[in-house]
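Analysis of the macromolecular model
Each chain, letter by letter, is given below.
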Amino acid sequence: MADSLNVPPQSQATDSLLRRLAGPSTTKAGLATDQTDINRVIAEASKGSKFYENEKRKDKDLTKKIERILKQRDEARKGVDIAHVEHSVDQLLAKMEAQRDLSQIIVHVDMDAFYANVELLDNPRLKGTIFAVGHGVLTTASYEARKFGIRSGMPEYIAKKLYPDLVVLPCNFGRYSEMSKKVMDIFRRYDPNMCAASVDEGYLNITHYCEEHVLTAEECVQQMRQTVEMETRLTVSAGIAPNKMLAKICSDRNKPNGQFKLDFNPQAVKAFMQDLSIRKVPGIGRVNERLLESIGIRTCGDIYTHRAALSLMDKQFGLHYLLQTYLGIASNHVEPYHRDERKSIGAERTFSAISEKEKIFKKLEEVAAELEDDMENRGWTGKTVTLKYKLDTYKVYTRAKSFDRWISTKKEDLFAIGKELLLPELPLRIRLIGLRVTKLKDLREDADSKPGGIKRFFESTSASSSPRKKRKVDVHQDEGPRLSQDGYEEAMPGFHDEDEEELEDEDDIDYLEHPPGGKPISSASTFATPVASGSKMSSKPTSMSRLTAKRDFSTGPSRSTSPEKPSPSKHCTKPPSRAAEPGGEVQSQICPICSRTMEMDNTAFNAHIDFCLSKGAIMEAQVEASSSSNSRRSTSVRPSPRKHGPSKKLLRRGRGR
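If you're wondering where the values come from, they're calculated on a predicted model, not measured in any experiment.

1. Overview of the sheet that holds strand β4 (residues 167-169)
What the three strands build is an open sheet, ordered β3-β2-β4; its pairing is mixed. Pairing within the sheet leaves two strands with one partner each, and these edge strands are β3 (137-141) and β4. The mean inter-strand angle of the sheet, taken between neighbouring strand axes irrespective of direction, is 40 degrees.

Structure below.
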């Protein structure tokens, strides 16, 4: 493999930077176990790009953060009886073990190289060919291509350095959505209340189906997979386990076109987790992996070994979440997406960097038109509009404006608001622009309850808001650790990278647009949700929406909190200073990030949002929330999850979409 890749000599890049440049998809099924040579090819090919410099800066920042954490750990250990701390953690583990629920049969289904296999349906001559799907950036790669290190989220020209004869096909999202619907309809025969996690994967609870049809879990899943292949000619892999986290891990075990069932007993579950790489745990990406490695945690079994350090550093790492991971305990609640879980709706576009004002406004118009279509078709309005833009240096900024009325959903009005927010920032050189509407109002819900009353949504609402909205605000104000619907922690606190999802925005790579010695590659893309459920951030089409049930601090992308002076050049490529202009009328404003109500003008409001969206502020907020909950954990643990029979669960979950 190394010879065929023409691996460059070892450079000065650190091992951590090489791993970071490799991207977030390095755990994809079908990739080589040792990707060292592949990572070096990627690093050398991206040198000299702004993306490379930005990733190098992030890597250096994370290194400094780790150094601080290690100092804090050493300080926390001084004068502490480690054996006593370990004993306390062991008691907590015993209480958590007593709450383990093995009563439900949860299945995670994941289509195999979905886009690539859909293309094979329409062009059988591709069989055996090393090919990928995408434009500029790959959205997926065939399993034959993955053997060469080619994967989703990778720039096309980098992929061709790994395999020069790679065939790259354009995306056909309409066809993918069509096939996705057929597959999901089959899954719903086995669980009408399944949760579609994206266009090509989902969770099912088949407990009731198995009992009703007198099938074992393995027989049921085998039947389901065969039905999918027979009716669609596509293959699917599946994991069978007592909860969603374990099921998702298991679905990757026998890819492609396979299934894996974990034994439903505590000993088997803990043995399964013991040697599992921490990176395999859903929700732990590159940043958290490196943070955990810095204190010696590389496998889930290491969590127990270092339990004292985690207890002393609970605010930084989230002891409760990691103990759940070590035990293999997680949510087994499966339910489809509900409209009232949405907290924002938006659209964004990525493109080759531009600086001409007219071209920027043209992109903004396109985004406004898409957002109009989404809001009208889906029945939403809101009271805060946020403009997002990414400079060609990869720094992300947002500007927001709140209203005391429900805003118009017309593209002309959305564009006008976006333009008002953008003008003071010019001149800019940007590669992404987006609009997001928050503090939402469900027009469908209101139309159902009071027909003919939609007009009043565009009147003043400063005097009151809906009870449901108030409940949402309360939730945001008291946010602690991210919890599942049945009360399990789902993420580590305190650390979040804007591209730390399973896949980065596949267009967020500068060197794909300016490959050394090559022509710029156009990779403008429009994001639209192909399934009703909340999509994970991936290389598949996705909206800017975020669901309340999946608490996500990237609602406002992180940015530098320190002001930077504009570049002396005509086109500003650094974060610009805010234009000196009157802040406008002082009014009551609700921050879409922290949900605090404040009396201030729009200039002060934007400054507050800048602070809220800084990584430091996010970390402090999470640490504070985690700290306030730790005292409660020391004396108690959360109530045991309800154990229920299949019929009761179906009744409870049977609300439909």
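There's more to say after this.
2. Structural notes on the sheet that holds strand β8 (residues 259-261)
On the basis of which strands lie adjacent, the open sheet formed by five strands has the order β5-β6-β1-β7-β8 and mixed pairing. On the outer flanks of this sheet lie β5 (195-198) and β8, each paired with one strand and no other. Looking at each pair of strands side by side, their axes are set apart by 15 degrees on average, direction ignored. The sheet contact formed by strand β1 (residues 106-111) and strand β6 (residues 201-205) spans five bridges and is antiparallel. If you follow V109 over to β6, its bridge partner there is G202. Across the sheet, helix α9 (residues 173-190) lies against β1, β5, β6 and β7 (236-241), angled at about 10 degrees from β6, the strand it touches most. Its contacts with the sheet put helix α11 (residues 217-232) on β1, β6, β7 and β8, and the angle it makes with β7 is roughly 165 degrees.

3. Focus: the packing of aromatic side chains
Enumeration according to the criterion identifies 10 aromatic pairs in this entry. Taken together, a centroid distance of 4.1 Å and an interplanar angle of 10 degrees make the contact between Y115 and Y176 stacked. Of this pair, Y115 sits in helix α6 (residues 114-122) while Y176 sits in helix α9; the two residues are 61 residues apart in sequence, bridging distant segments of the chain. Exposure class is identical for Y115 and Y176. Each is buried. Aromatic pair F361 and F415: ring centres 6.3 Å apart, planes at 90 degrees, arrangement edge-to-face. Residue F361 is found in helix α19 (residues 357-378), and its partner F415 is found in helix α20 (residues 411-422); the two are separated by 54 residues along the sequence. For the residue pair F361 and F415, the accessibility class agrees, reading buried in each case. Here a set of aromatic residues connected by ring pairs shows up, and it is made of F114, Y115, F173 and Y176. Across from the ring centre of W406, 5.2 Å away, lies the NZ or CZ of K383, which sits over that ring. Directly above the ring of F361 sits K419, whose terminal nitrogen or CZ lies 5.0 Å from the centroid.

4. Brief notes about the confidence of the model for the protein
On average, residues of the protein score 76 in pLDDT, and 66% of them reach the 70 mark or higher. Considering only residues more than four positions removed or in separate chains, one finds that residues 7-12, a stretch of pLDDT under 50, has 13 contacts. Every residue in residues 615-657 is under pLDDT 50, and counting partners more than four places away or in other chains gives 84 contacts.

Reading the values: rules and limits
Residues numbered from 1 in each chain as written. Predicted model: local features only at pLDDT ≥ 70, side-chain atom pairs only at ≥ 80, totals over all residues. Heavy atoms only, no water. Pairing = 2+ DSSP bridges. Helix = DSSP H or I, 4+ residues; strand = E, 2+ residues; numbered from the N terminus. Axes fitted to C-alpha atoms, helices over the stretch in contact; angles between N-to-C directions. Contact = heavy atoms within 4.5 Å. Phe/Tyr/Trp six-rings, centres within 6.5 Å; stacked < 30°, edge-to-face > 60°. Buried < 20%, exposed > 50% of the residue type's maximum accessible area, 1.4 Å probe, protein only. Lys NZ or Arg CZ within 6 Å of the ring centre and 35° of its normal. pLDDT = per-residue confidence, 0-100.

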